[in-house]
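The primary structure of each chain is shown beneath.
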Amino acid sequence: MNLYYSQEMEAKLAHDFIHVLGPIIVGAGPSGLAIAACLKSEGVPSLVIERSHCIASLWQLKSYDRLRLHLPKSFCQLPLMPFPTEFPTYPTKEQFVGYLEDYAATFGVQSVFGESVVKAEFDEGLGLWRVKTVKEGSGWAREYVSRWLVVATGENAEEVIPTIGGLSDFEGTVVHTSGYRSGEAFRGKKVVVVGCGNSGMEVCLDLCNYDAMPTIIVRDAVHILPREMLGRSTFGLCMWLLKWLPVQMVDRLLLFVTWLMFGDTTRFGLRRPKLGPLELKAISGKTPVLDVGTLDKIKSGDIKVYPGVKRFTSKGAEFVDGRSEDFDAVILATGYRSNVPSWLKDSEFFSEADGLPKRPFPNGWKGERGLYAVGFTKRGLLGASIDATKVAQDIAQCWNSEAKQNFCAS
Ligand SMILES: Cc1cc2nc3c(=O)[nH]c(=O)nc-3n(C[C@H](O)[C@H](O)[C@H](O)COP(=O)(O)OP(=O)(O)OC[C@H]3O[C@@H](n4cnc5c(N)ncnc54)[C@H](O)[C@@H]3O)c2cc1C
Ligand SMILES: NC(=O)C1=CN([C@@H]2O[C@H](COP(=O)(O)OP(=O)(O)OC[C@H]3O[C@@H](n4cnc5c(N)ncnc54)[C@H](OP(=O)(O)O)[C@@H]3O)[C@@H](O)[C@H]2O)C=CC1
Ligand SMILES: O=C(O)C(=O)Cc1c[nH]c2ccccc12
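Residues numbered from 1 in each chain as written. Chains lettered and ligands numbered in written order. Predicted model: local features only at pLDDT ≥ 70, side-chain atom pairs only at ≥ 80, totals over all residues. Heavy atoms only, no water.

Let us look at the site of ligand 3. Near ligand 3 you find His70, Leu71, Phe235, Lys281, Thr287, Pro288, Arg379 and Gly380, and these make up its full shell. Separating an oxygen atom of ligand 3 from a side-chain N or O atom of Lys281 is a distance of 3.3 Å. Between Thr287 and ligand 3, the recorded distance is 3.4 Å, taken from a side-chain N or O atom to an oxygen atom. Its residues assigned to classes, the shell around ligand 3 comprises three nonpolar, three polar and two charged. (Near = heavy atom within 4 Å. Polar contact = N/O pair within 3.5 Å; in protein donor to acceptor, adjacent residues only side chain to side chain. Nonpolar A, V, L, I, M, F, W, Y, C, P; charged D, E, K, R; others polar.)

Listed below in structure tokens is the structure:
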């Protein structure tokens, strides 16, 4: 029996509830693993619930073969366990997944796999979170209860599939980047890649490496930066400069060095936003593209740049500038969104519109009544680590205080 529930409460809970000692964590990605590990180090047990059958499903099941971390490893490691020293500056996805597996094993992270959380709500009567899961395709359901609920389902839980007219009439292959593995399947093919974030840009480079003929759709302004400048990682340099200089000044320096290296990218169809890359990232969360070779292929004409798609046809696409062209395949590099509003019955903490905490970083980690979020900062793995440390300390304080007999008031 769980020591932290009174007998009266025990009686109220039906047999089919599973009482979780410590927090329920939804999602076994880097954020879920980080919070479970931080809790463990504070002596707090937890249970991770994951819809897929493995940890880090975004990395293992939904990413292309050539993927590497695009920030240096020192900015991507999870709390309490550094990357192995022999890892390169930009670890491959296999290395990153290997690290996460070691991480989960080191901290004895307890997970249930193959269960999707479909509903989570606070039961005022019980004073507990009720978390309902289903096993995909089985009609089989379970309910877990706990005093604490940590949302770690990520900013990239569901693919964004745009509603561009005619897409269903297109007779060739249509695939989202989450389903793209390599250019092998597209050798000699004309491929239109919709979207110019980090995924779209890198997939175009990969297509070139497999002798496909990619066209990238750039409908809006975009910041493309070199991954390294002045002999250092651009990201590391920015973090260092931000210690002394305001963000606008760092942006100006960054864009000046980028201009020296790339020239004016407008002539290649890549207009820059009015705001600088770091200011834009901070305000809107839009990540600048860190170039790993795509720009050279755009300059050489191996990758064509077109403006927005007006509509798709059975054989290709018509563009907003009046041109039209035939294609063999469409790759949607249109990004991802959070799925929290579809299952969390709490409109106070998370926004219904974008599925992210309403309060921006660094204040988006704590909600009411034992509800927490890890990994919704728009700051990648570094943001997830910062959240996990704070959330674990907050819960551990409660767990370890004498008040735990009566539950902590939040
Ligand atoms: C291609 C790509 C490359 C990236 N590279 C970097 C990088 O180099 N550096 C960096 O800092 N960031 C990077 N990011 C950002 C990325 O968000 C993080 O790397 C990281 O994966 C976020 O971890 P997370 O645990 O918050 O989310 P995720 O990794 O998405 O994990 C969330 C988990 O929750 C599960 N889940 C979702 N909904 C439910 C549900 N209802 N019930 C149960 N389980 C559920 C999912 O299956 C998933 O396993 C990259 C993102 C992408 C898409
Ligand atoms: N190596 C690495 O570490 C990598 C990291 N990542 C990270 O993963 C996350 C997701 O990246 P990504 O998958 O690129 O998604 P993003 O959300 O970053 O980019 C989506 C792109 O699709 C465009 N888009 C959306 N809808 C349409 C439409 N209807 N027509 C035309 N264009 C459209 C967007 O344009 P607009 O801006 O105009 O809305 C944007 O350019 C990011 O955080 C990224 O940094 C991704 C790949 C590699
Ligand atoms: O890969 C991502 O999407 C990230 O969020 C990592 C990241 C956080 N801050 C940035 C600033 C510039 C480039 C990447 C990132």
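Turning next to helix H8 (residues 277-284). For H8, the complete set of buried residues consists of Pro277, Leu278, Glu279 and Leu280. Just past H8, the residue Gly285 takes up positive phi, approximately 85°. (Buried < 20%, exposed > 50% of the residue type's maximum accessible area, 1.4 Å probe, protein only. Helix = DSSP H or I, 4+ residues; strand = E, 2+ residues; numbered from the N terminus.)

The contact between helix H2 (residues 30-41) and helix H4 (residues 93-106) brings their axes to 10 Å, and the two run at 30°. Comparing their axes, H4 and H2 come out roughly parallel. With respect to the hand of their crossing, H2 and H4 are arranged in left-handed fashion. Of the residues in H4, those in contact with Pro30, Leu33, Ala34 and Ala37 of H2 are Phe96, Leu100, Tyr103 and Ala104. In terms of residue class, the contact of H2 with H4 is built from eight nonpolar, no polar and no charged. (Axes fitted to C-alpha atoms, helices over the stretch in contact; angles between N-to-C directions. Parallel < 35°, antiparallel > 145°, perpendicular 65-115°, else oblique. Left-handed = near helix turned anticlockwise from the far one by under 90°. Contact = heavy atoms within 4.5 Å.)

Our next topic: the packing of aromatic side chains. Per the counting criterion, the structure on display carries 19 aromatic pairs. Taken together, a centroid distance of 6.2 Å and an interplanar angle of 55° make the contact between Phe83 and Phe96 tilted. One end of the pair, Phe83, is in the loop between helix H3 (57-61) and H4; the other, Phe96, is in helix H4, and 13 residues separate them in sequence. In terms of burial, Phe83 and Phe96 fall into one category: buried. Ring geometry for Tyr180 against Phe186: centres 5.8 Å apart, planes inclined by 20°, an arrangement best described as stacked. Phe186 shares its class with Tyr180; the two are buried. Put simply, the rings of Trp59, Phe83, Phe87, Phe96, Tyr99, Tyr103 and Phe107 pair up and form one aromatic cluster. The positively charged end of Arg232 is found above the aromatic ring belonging to Trp240, 5.4 Å away from the centroid. (Phe/Tyr/Trp six-rings, centres within 6.5 Å; stacked < 30°, edge-to-face > 60°. Lys NZ or Arg CZ within 6 Å of the ring centre and 35° of its normal.)

Before going further, it helps to examine the sheet that holds strand S2 (residues 24-26). With respect to topology, five strands assemble into an open sheet ordered S4-S3-S2-S8-S23, the strand pairing being parallel. Where the open sheet ends on each side, the last strands, each with one partner, are strand S4 (111-113) and strand S23 (371-373). Direction aside, the axes of adjacent strands within the sheet are offset by 20° on average. As judged from the three bridges shared by strand S8 (residues 149-151) and S23, these two strands associate in the parallel manner. Among the inter-strand pairings, Val151 is bridged to a residue of S23, identified as Ala373. Set on the sheet, H2 makes contact with S2, strand S3 (47-50) and S8; between it and S2 the angle comes to about 160°. Along the sheet face, helix H10 (residues 380-400) touches S8 and S23 and points at about 160° away from the line of S23. (Pairing = 2+ DSSP bridges.)

Among the 29 residues in the neighbourhood of ligand 1, the closest are listed as Ser31, Glu50, Ser57, His70 and Leu381. In the model, an oxygen atom of ligand 1 is placed 3.0 Å from a nitrogen or oxygen of the Trp59 side chain. Asn339 places a polar side-chain atom, nitrogen or oxygen, 3.0 Å from a nitrogen atom of ligand 1. About the coverage of ligand 1: the protein hides 91% of its 990 Å² of free accessible area. (Areas by Shrake-Rupley, 256 points an atom, 1.4 Å probe, with all protein chains shown as cover.)

This brings us to the sheet that holds strand S10 (residues 173-176). As summarised here, the arrangement of the five strands in space is S10-S21-S11-S12-S17, forming an open sheet in which the pairing is parallel. The sheet is open, and its two borders are formed by S10 and strand S17 (304-306), each paired with just one other strand. Each strand of the sheet is rotated relative to its neighbour by a mean of 20°, with strand direction disregarded. One ladder, built from four bridges, connects S10 with strand S21 (residues 329-332); its direction is parallel. Bridge pairing in S21 links Thr173 to Ala329. Here helix H5 (residues 198-209) sits on the sheet and contacts strand S11 (190-194), strand S12 (213-217) and S21; the angle it forms with S12, its principal contact strand, is near 165°.

Ile35, Tyr99, Tyr103, Phe186, Leu207 and Ile331 are the most contacted members of the largest nonpolar core, which totals 83 residues. Among the elements that make up this core, the one with the highest residue count is H10 (eight residues). Residues within four places of Phe186 in sequence aside, it is in contact with Val175, Tyr180, Val191, Leu207, Ala212, Ala329 and Ile331. Counting residues in hydrophobic clusters, the runner-up holds 23 residues, among them Leu47, Val117, Trp129 and Phe376. (Core = buried A, V, L, I, M, F, W, Y, C linked by side-chain atoms within 4.5 Å.)

Right, let's get into the environment of Pro79. Following the sequence through the fold, Pro79 ends up in the loop between H3 and H4. Its relative accessible area of 13% is what places Pro79 among the buried residues. Expressed as a C-alpha distance, the spacing of Pro79 and Phe361, which sit 282 residues apart in the sequence, is 18 Å. Residue contacts for Pro79: discarding those within four places in its chain leaves Ala34, Cys38, Tyr103, Ser385 and Thr389.

Moving on, we come to the side chain of Thr258. For Thr258, the position within the fold is in helix H7 (residues 247-262). Excluding anything up to four places from it in sequence, Thr258 contacts Ile224, Leu225, Pro226, Met229, Gly263 and Arg272.

Take the pairing of S11 next. Within S11, four of the five residues are buried, which leaves the element mostly enclosed by the surrounding structure. Taken together, the five bridges between S11 and S12 define a ladder with parallel strand orientation. Looking across to S12, one finds that Val194 is bridged to Ile217. As for the winding sense of the linkage, the β-α-β connection from S11 through H5 to S12 is right-handed. Two strands pair when backbone bridges link them, and S11 and S21 are joined in this way by four bridges, in the parallel orientation. Paired with Val194 across the bridge in S21 is Leu332. (Right-handed = clockwise from strand over helix to strand, strands pointing away.)

Distances and angles like these do not, on their own, reveal function.
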